[in-house]
Structures are given as C-alpha cells and as structure tokens.
Amino acid sequence: MVYMTYRINNTPSTASKTHISSYNPGGDPRQSNLLIKAKHEQHPPSETHAELPRTNSKDITMDPSQLVVENRAFIVLNPTKVNRYHSIVVAMLHLRFKFQTLKYTGSPLDPLHSSPTRGLYSVVVFQDLNLYMTMNYDDRERIEQYCRKFHVGIIIFSEPQKGDLSFNQTIPRLPISYSSGMVLQKYTVAKSPVADIARTNFEHNIPKIKDWFVFHPNHESYQTISYGVSQTNSNTKLITVVLDPGEVDGVQRIFFGHRHYIWLHKILYLDALAYITRGAMKMEKSKYLQIDIDDMFIGANGTKMRPPDVDVSKGCQCVIESYGELVPVAL
C-alpha cells in the first residue's frame, strides 16, 4: 500500500491524543521575563492599593541560574464542575504536554517543588476564577510564592453561572475587578505580546455565547489581550482576556473571561501557554499528516479527498515525502 506524508507549515492542527512520554526541561529562568526587580519601588502604588502584597525579597535575590523548572503544567480543577474541565485536559493531551490535575477540595496542597532549586511545574492553570479567589489562603499563598521563586505564571479561566449578574467584584490582593453575566455580540483579539497564533484585529460574531466575565484593570501595567462589545454600546470595549505582567506582586497571570471550550479561547490558550512558559510549551507550527493514497482516489463516495480539503492559498506549503526527499505537490 502506498502512503503520502504531507507537511503543512504555519497551520496549527490537532495532534495525537497520546500522552507525551519523553522528558523536556522547563524554561531557563535566566531567560525569564518574570524576573522581578522591585518595579513597585520605582512606581509606588497609590493609597488605594497600599495593602497589596509586595514580592518576597528572598525570591528576588535568589540566583536564577540555580533554578530548574520541569516542563509540566499543574491544572487545578473545581470538583463541583468536573464535567466542564474536559476540554482543558484534552487540549494538553493533544499538545503532548505533560500535566498533572488536582480536584481542589480544600486539603493542603502537596509541595510544588522537589527541592529548593527544582520546580515541578512551569505553569499553573485554574479552571475556575472563583476557585482561585476562594482557595484556602495558605494554599494560594503557597502557589504564588512558588511562582515568584521559580518565575512561573498562572492562567485562569472563568466558569460563569447562568443568570449570575454582578458588577465590579474585586479580585483579592490585586488591582483588578470584574463584572459577570455580560452579553457580548462581537469579539476581537487585540495586538499584545501574547497573541501569536490567534488572528488579531478581526471581529468575530459571538451572540450565542452568554454570561461573560469582563475585567476592569486598575493598574497601568495590565494589558488587554482580547475584548468584546455589547449590542447596546458598541463603542465601549469590554476586556475579556487580560494579562497581568506581575509588576504588582511578582506573579504573572492571564485571566480569561469564559471557559476553555470556546474556540477562540482554545487558540488563545495555546498562545498563553507559550507566553507564560517563555516558549517551553509552544506548539510547533509544522505538522505532519500521513494519508492513505487509496482513500484519496478509490475511497467510498463522500470520503475521498478533494482539492478544497487542502487549501494552500494562504501561505501553506504542501510537500510529498518520497524516499526521504520532500517534493512539492500541486493540487
């Protein structure tokens, strides 16, 4: 039987569900953009946020060259919403990234590091913003101290409740609040350091997705990753995904205003993982597909490949691998 292998560049696609078995080291802390240099001393916080925690001085002075972070994600799940985390876990399987999940019930967390200089995780992912805010104080502090020490960031999704409408709810210890239960009509990914795969400055219609969280940052360092507009006021941009670069307390975070299952958030999640881990969890854009040539030409009606099935008009390159050589294919 004859097979053809296509290589498609610059086009993300779903990879195998097989869990990765090889070990990849985490990002080099020396290349980290999370190294904190006490920027709050250069820009003192206002009186409104004078109570915000400051970065631990021991974490600032530790020599980053002595730190090692494993390339693995730590995913914290809400046990009361177990049927909604499936897409996050499946995404990690498709990406072939190592991860560990925890259904948080309030029990003390196990250590996130195996030694004083070796961290077990290069990113922490929360399924639910409410879980992050209501987590036991000691556990949240343990996670954030780990993030400061090993220069690790946090990605936080939101789990909206149907009909739950609230305004300007504060996120403890951070200069940012949110409103929930919002209805948006349009969604746009803004230009930001995070967006890579996601297409920016393009409006998407999202009228069927309800109950959004929108964020209200109150610090100049926060950056908008995406925003939406409502039907009643199309001139006001409502922030749906926001980057906290860590200038306030030394922990870098990305807040999502809805669940992971939304298609645009799946794409932005890929970009967020790559950004937070400094490329350690960046998805390779070159993908390889192995296709049985019989299915292309003699398969049953409705299963044969047609020229529109492989679009090469947008910068994609299709090649056929034959005896170790890559030969362009004209479709």
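Residues numbered from 1 in each chain as written. Predicted model: local features only at pLDDT ≥ 70, side-chain atom pairs only at ≥ 80, totals over all residues. Heavy atoms only, no water.

**Considering the overall build of the chain**
Heads up, the rule is: Secondary structure follows DSSP: runs of H or I at least 4 residues long count as helices, runs of E at least 2 residues long count as strands, and numbering of each begins at the N terminus. The buried label applies to any residue whose accessible area, calculated with a 1.4 Å probe on protein chains only, is under 20% of its type's maximum; exposed applies above 50%, and partly exposed to all values in between. Residue contacts are defined here by distance: any two heavy atoms, one from each residue, within 4.5 Å place the two residues in contact. Exposure was quantified through the Shrake-Rupley algorithm and a 1.4 Å probe, taking into account, for residues, occlusion by the shown protein chains and nothing else.
The secondary structure content of the chain amounts to seven helices and 19 strands. For the chain, buried positions account for 50% of its 331 residues. By sequence separation, contacts in the chain at least 24 residues apart represent 74% of the contacts at least 6 residues apart. Per element, the accessible surface of the chain, about 17300 Å² overall, is 50% carbon and sulfur.

**Topic: the pairing of strand E10 (residues 176-182)**
In regular strands, side chains alternate between the two faces of the sheet. The criterion, for reference: DSSP-based pairing: two strands are paired if at least 2 bridges between them are found.
Of all seven residues making up E10, seven are buried, and the element is well covered by its neighbours. With three bridges connecting them, strand E9 (residues 166-170) and E10 associate as antiparallel partners. From the neighbouring strand, Thr170 faces E10, where its bridge partner is Ser177. Linking E9 back to E10 in an antiparallel pair, the connection comprises five residues, with Arg173 at a positive phi of about 70 degrees.

**Focus: helix H3 (residues 86-95)**
One turn of the α-helix equals 3.6 residues, which is why residues spaced by three or four share an orientation. In terms of residue burial, H3 counts as a mostly covered element, since eight of its ten residues are buried. Turning to H3, its buried residues are Ser87, Ile88, Val89, Val90, Ala91, Met92, His94 and Leu95. Once H3 ends, the next one or two residues include Arg96, with phi positive near 60 degrees.

**Some thoughts on the packing of aromatic side chains**
Stated precisely, the cut-off is as follows: Classification of ring pairs uses Phe, Tyr and Trp, with its six-membered ring standing for Trp, and accepts pairs whose centres are within 6.5 Å; under 30 degrees between planes counts as stacked, over 60 as edge-to-face, and the remaining range as tilted. A ring is scored as having a charge over it whenever the NZ atom of a lysine or the CZ atom of an arginine sits within 6 Å of its centre and within 35 degrees of its normal.
The final tally for this structure, using the stated rule, is eight aromatic pairs. One aromatic cluster is present, built from ring pairs that chain together Phe157, Phe256 and Tyr269. Arg199 extends its terminal NZ or CZ atom over the ring of Phe202, reaching a point 4.1 Å from the ring centre. Lys237 extends its terminal NZ or CZ atom over the ring of Tyr227, reaching a point 4.6 Å from the ring centre.

**What to know about the sheet that holds strand E2 (residues 68-69)**
Spatially, three strands are ordered E2-E6-E5 in an open sheet, and the strand pairing comes out mixed. Each of the sheet's edge strands pairs with one partner strand only, and the pair in question is E2 and strand E5 (113-115). The pairing of E2 with strand E6 (residues 118-119) spans two bridges and is classified as parallel. Across the sheet, residue Val69 finds its bridge partner in E6, namely Gly119.

**Some words on the pattern of salt bridges**
Let me state the cut-off plainly: Definition used for salt bridges: Asp or Glu carboxyl oxygen within 4 Å of a side-chain nitrogen of Lys or Arg.
Tallying each qualifying case throughout the model produces 14 salt bridges. In this structure, Glu144 engages Arg173 in a salt bridge whose closest nitrogen and oxygen atoms are separated by 3.9 Å. In this pair, Glu144 is assigned in helix H5 (residues 137-150) and Arg173 in the loop between E9 and E10, connecting sequence segments 29 residues apart. Arg148 is the salt-bridge partner of Asp249, the closest N and O atoms lying 3.7 Å from each other. Of this pair, Asp249 sits in the loop between strand E15 (238-244) and strand E16 (253-256) while Arg148 is found in helix H5, placing the two residues 101 residues apart along the sequence. For Arg148, a relative accessible area of 4% puts it in the buried group. Through salt bridges with shared partners, a single network forms among Arg140, Glu141, Glu144, Arg148, Arg173, Asp244, Asp249 and Arg253.

**Points about unusual backbone geometry**
The backbone of His151 shows a phi angle near 55 degrees, a positive value even though the residue is not glycine. For His151, the location among the structural elements is in the loop between H5 and strand E8 (153-156). Look at His151 and you get buried, because its relative accessible area is 6%. Residue Arg173 is not a glycine yet carries a positive backbone phi of 70 degrees.

**So, the confidence of the model for the chain**
Detailed reading of predicted coordinates is not advised where the pLDDT is low. For clarity, the cut-off: Here pLDDT means the predictor's own confidence in every residue, given as a number from 0 to 100.
In the predicted model, the chain carries a mean pLDDT of 78, and 68% of its residues have values of at least 70. Considering only residues more than four positions removed or in separate chains, one finds that residues 1-60, a stretch of pLDDT under 50, has 134 contacts.

**Details of the packing of H3 against helix H6 (residues 263-276)**
Between two packed helices, the angle of one axis relative to the other and the distance separating the axes together describe the packing. Applied cut-off: Here an angle of 0 to 180 degrees is reported between the N-to-C directions of two axes, which are lines fitted to C-alpha atoms, with helices fitted over the stretch in contact. The sense of a crossing depends on the near helix, which, turned anticlockwise from the far helix by less than a right angle, makes the crossing left-handed and, turned clockwise, makes it right-handed. Residues were grouped as follows: Ala, Val, Leu, Ile, Met, Phe, Trp, Tyr, Cys and Pro as nonpolar; Asp, Glu, Lys and Arg as charged; and all remaining residues, including Gly, as polar.
At a minimum axis separation of 12 Å, H3 and H6 run at an interaxial angle of 65 degrees. In terms of crossing hand, the pair formed by H3 and H6 is right-handed. Counting all contacts with H3, which are made through Ile88, Ala91, Met92 and Leu95, the residues of H6 involved are Tyr269, Leu270 and Leu273. Looking at the contact of H3 with H6 residue by residue, the classes come out as seven nonpolar, no polar and no charged.

**Let's talk about the environment of Ile143**
Turning to its location among the elements, Ile143 is positioned in helix H5. For the pair Ile143 and Pro111, spaced 32 residues apart in sequence, the C-alpha to C-alpha distance is 9.1 Å. Excluding residues that lie within four positions of it along the chain, Ile143 makes contacts with Leu109, Leu112, Val124, Phe126, Met135 and Ile154.

**Comments concerning the nonpolar core**
We count it as follows: Grouping buried Ala, Val, Leu, Ile, Met, Phe, Trp, Tyr and Cys residues that are joined through side-chain atoms within 4.5 Å yields what is termed a nonpolar core.
In terms of nonpolar packing, the biggest core is built from 43 residues, with Met92, Ile155, Ile254, Tyr269 and Leu273 touching the most fellow members. Ranked by residue count, the leading element in this core is H6, at nine residues. If you look at the next biggest cluster of nonpolar residues, it comprises 35 residues, including Leu109, Val124, Tyr178 and Phe213.

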